[in-house]
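# Examining the three-dimensional arrangement
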Amino acid sequence: MLNLGSALEVSFAASICVLHGSYFRGVFMSLKRIPAEIRSYGIYNGWDRESKELPEIVKHTHDVPAEPGVEFGYIVRIRKARGKWLRFCIAHPGIPDEDGQVMPPFEGRERIKSNDYQFFLGDCIWEPTHNKVGRWQLSTWIEDELVADQKFMVQVPQPEAKESPRPSPYKDPQRQF
């Protein structure tokens, strides 16, 4: 005789694991997580890809002005993952190429070189800026485990409001005391 109760319980547990992005390895197995944390996010000073130095944070924010040369992203610290592959994706708001076709998201891989590894994922605004406006999502995975994810809103900068001087109540000819 088939016990449908336990089959449904296993099916439910498997679907919960799939919904959380994990592979189902067994109902009672615990999954080992890779220790990772976002150290900083926002706008950074210029970053040199060839240098081992990470950029310095200028402003912690999710709102990025659409101005040429503005570097934004995050730095993630990853521990106990030496030798594993890190995968990243920068999903942009539909930037067209030279032919007018929407470019795919920027993706890449990098080998983790130490057990205490810091990684910068980011992008820089370039001309023309009008097609860079919108939501950007930056994501990092290690062995199919999402370890960092941030959303940034690139916006046309608003002109700074100039304060108009208020007229003095003592100089207002229509004001009566």
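All values derive from a computational prediction rather than experimental measurement.

Scoring rules and cut-offs
Residues numbered from 1 in each chain as written. Predicted model: local features only at pLDDT ≥ 70, side-chain atom pairs only at ≥ 80, totals over all residues. Heavy atoms only, no water. Helix = DSSP H or I, 4+ residues; strand = E, 2+ residues; numbered from the N terminus. Buried < 20%, exposed > 50% of the residue type's maximum accessible area, 1.4 Å probe, protein only. Areas by Shrake-Rupley, 256 points an atom, 1.4 Å probe, with all protein chains shown as cover. Pairing = 2+ DSSP bridges. Axes fitted to C-alpha atoms, helices over the stretch in contact; angles between N-to-C directions. 1 Å grid on protein atoms, 1.4 Å probe; cavity = no way out; pocket = protein on both sides within 12 Å on 5 of 7 lines; lining within 4 Å. Points joined across faces, edges and corners; volume = space filled by probe spheres on them. Nonpolar A, V, L, I, M, F, W, Y, C, P; charged D, E, K, R; others polar. Phe/Tyr/Trp six-rings, centres within 6.5 Å; stacked < 30°, edge-to-face > 60°. Core = buried A, V, L, I, M, F, W, Y, C linked by side-chain atoms within 4.5 Å. Contact = heavy atoms within 4.5 Å.

### Focus on the overall build of the protein
Looking only at helices and strands, the protein has 1 helix and 9 strands in total. Element order for the protein, N to C, with α for helix and β for strand: α-β-β-β-β-β-β-β-β-β. Counting over 177 residues, the protein shows a buried share of 29%. Summing over all exposed atoms, the protein offers an accessible surface of approximately 13000 Å²; the carbon and sulfur share of this is 52%.

### Some thoughts on the sheet that holds strand 3 (residues 63-65)
Within a sheet, neighbouring strands are paired by backbone hydrogen bonds and run either parallel or antiparallel to one another. Ordered in space as 3-9-8-5-6, the 5 strands form an open sheet in which the pairing is mixed. Each edge of the open sheet carries a strand with a single partner, namely strand 3 and strand 6 (106-111). With direction set aside, neighbouring strand axes in the sheet form an average angle of 25°. Relative to strand 8 (residues 134-142), strand 5 (residues 85-91) is paired through 6 bridges, and the arrangement is antiparallel. Bridge pairing in strand 8 links leucine 86 to isoleucine 142.

### A short note on the layout of surface pockets
Volume-wise, the largest pocket comes out at about 640 Å³. Together, 22 residues line the largest pocket, and Trp47, Arg49, Glu110, Phe119 and Phe120 are the ones closest to its centre. Elements represented by at least two residues in the lining of the largest pocket include exactly strand 5, strand 6 and strand 7 (116-124). The biggest single contributor to the lining of the largest pocket is strand 7, with 8 residues. Of the residues contributing to the lining of the largest pocket, the split by class is 10 nonpolar, 4 polar and 8 charged.

### Let's talk about the pairing of strand 4 (residues 71-79)
The element strand 4 is largely enclosed, with a buried count of 7 among its 9 residues. The pairing of strand 1 (residues 36-44) with strand 4 spans 8 bridges and is antiparallel. What sits directly across from isoleucine 38, in strand 4, is valine 76. With 9 bridges joining them, strand 4 and strand 7 adopt antiparallel strand pairing. Following the sheet pairing, arginine 79 is matched in strand 7 by aspartate 116.

### Quick look at the packing of aromatic side chains
A complete count under the given rule lists 4 aromatic pairs for this structure. Ring centres of phenylalanine 72 and tryptophan 136 lie 5.4 Å apart, and the angle between their planes is 90°; on these two criteria the pair is classed as edge-to-face. Placement of phenylalanine 72 in strand 4 and of tryptophan 136 in strand 8 is noted, with a sequence separation of 64 residues between them. Accessibility assignment for this pair places phenylalanine 72 and tryptophan 136 in one class, buried. Among the aromatic side chains, those forming a connected cluster through ring pairs are Phe72, Trp136 and Phe152.

### Regarding the nonpolar core
Phe72, Ile78, Trp136 and Leu138 are the most contacted members of the largest nonpolar core, which has 26 residues in total. Contributing elements (two or more residues each) for this core: strand 4, strand 5, strand 7, strand 8 and strand 9 (145-155).

### So, the sheet that holds strand 1
The 4 strands lie next to each other as 2-1-4-7, forming an open sheet whose pairing is antiparallel. Across the chains shown, the open sheet's two edge strands, defined by having one partner strand only, are strand 2 (57-59) and strand 7. Taken pair by pair, the neighbouring strands of this sheet meet at an average axis angle of 30°, ignoring direction.

### Comments concerning the environment of valine 64
Take valine 64: it is sitting in strand 3. Residue class for valine 64 comes out buried when judged on its relative accessible area of 1%. Taking C-alpha positions, valine 64 is 9.9 Å from tryptophan 136, a pair spaced 72 residues apart along the chain. Among residues more than four places away in sequence, those in contact with valine 64 are Val70, Phe72, Phe152, Met153, Val154 and Gln155.

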